[in-house]
Amino acid sequence: MKKLLRRIAEVTKDENFMHIIEHIEVIVSKVLSILMVLVILVAIADLVVFIVQELFTTPYAKFNTTLFKIFGLFLNILIALEILENITAYLRKHVFQVELVIVTSLIAIARKIIILDLEKVTGIDIIGLGIAILALSISYLIIRFSNSRHFR
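The rules behind each value
- Residues numbered from 1 in each chain as written.
- Predicted model: local features only at pLDDT ≥ 70, side-chain atom pairs only at ≥ 80, totals over all residues.
- Heavy atoms only, no water.
- Helix = DSSP H or I, 4+ residues; strand = E, 2+ residues; numbered from the N terminus.
- Buried < 20%, exposed > 50% of the residue type's maximum accessible area, 1.4 Å probe, protein only.
- Contact = heavy atoms within 4.5 Å.
- Core = buried A, V, L, I, M, F, W, Y, C linked by side-chain atoms within 4.5 Å.
- Salt bridge = Lys/Arg side-chain N within 4 Å of Asp/Glu carboxyl O.

> Can you help me understand the overall build of the protein in this one?
Counting its secondary structure elements, the protein contains four helices and zero strands. Starting at the N terminus and ending at the C terminus, the protein contains elements arranged as α-α-α-α. Classification of the 152 residues of the protein by burial places 18% in the buried group. Considering only residue pairs separated by 6 or more positions, the protein has 65% of its internal contacts joining residues 24 or more positions apart.

> Hey, could you run me through the nonpolar core in this one?
The nonpolar side chains of a soluble globular protein tend to be buried, and buried together. Membership of the largest hydrophobic core is limited to eight residues, which are Met-36, Ile-40, Leu-47, Phe-50, Ile-70, Ile-77, Ala-80 and Leu-84. Counting only elements with at least two residues in this core, the list comes to helix 1 (2-57) and helix 2 (63-93).

> Any chance you could explain the side chain of Ser-29 here in plain terms?
Note on placement: Ser-29 falls in helix 1. Setting aside chain neighbours within four positions, we find Ser-29 in contact with Ile-87, Tyr-90 and Leu-91.

> What is the right way to read the pattern of salt bridges from this model?
For side chains bearing opposite charge, pairing can occur when the charged atoms are close. In this structure the tally under the stated criterion is two salt bridges. One salt bridge in this structure joins Arg-92 and Glu-85, with 3.9 Å as the shortest N-O distance. Residue classification places Glu-85 among the partly exposed positions, given a relative accessible area of 32%.

> Hey, could you run me through the side chain of Asn-86 in this one?
Locating Asn-86 in the fold gives a position in helix 2. Residue Asn-86 is classed as buried on the basis of its relative accessible area, which comes to 15%. Discounting residues that sit within four places of it in the chain, Asn-86 has contacts with Leu-100, Val-101 and Thr-104.

> Looking at this structure, I do not really get the environment of Lys-112. What am I missing?
Along the polypeptide, Lys-112 turns up in helix 3 (residues 98-114). Judged by its relative accessible area of 43%, Lys-112 falls in the partly exposed class. Placed 37 residues apart in sequence, Lys-112 and Leu-75 show a C-alpha to C-alpha distance of 9.4 Å.

> Would you mind going over the environment of Ile-109 with me for this structure?
Of note, Ile-109 is situated in helix 3. C-alpha of Ile-109 to C-alpha of Ala-132: the two residues are 23 residues apart in sequence and 8.0 Å apart in space. Those residues within four positions of Ile-109 in sequence are excluded, and the remaining contacts are Leu-129, Ala-132, Ile-133 and Leu-136.

Encoded structure:
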């Protein structure tokens, strides 16, 4: 009987510990969410300032290079939104959604390709980006396929 009572006390202690850890995870996730919203708002303000400055100061012939910088800033905001979505999805389900992480990674690589200065990169850099895109795309297809089969 004493062994059983000790065992119940141990389980209760472990459950209490796990409960405390879960509360800490939730608090950290909420703090990260608030900080990510702040980052997104600052990035939007930065984008607005950059666009206004570039529209009035860039000569007409040079606007194409400015356009790539603007696309990069837009994609930064989209990446931040995806990260916020990852955090809020974790808060809702207490599980990391691999599909969201892969989509965020694909957006980050797309941003890298859009702002890529072909004069400053080597062939191996381009090959590396291609391999990363291929691996992430295959991963995304596998996840989507397994999720669609799971929900049938």
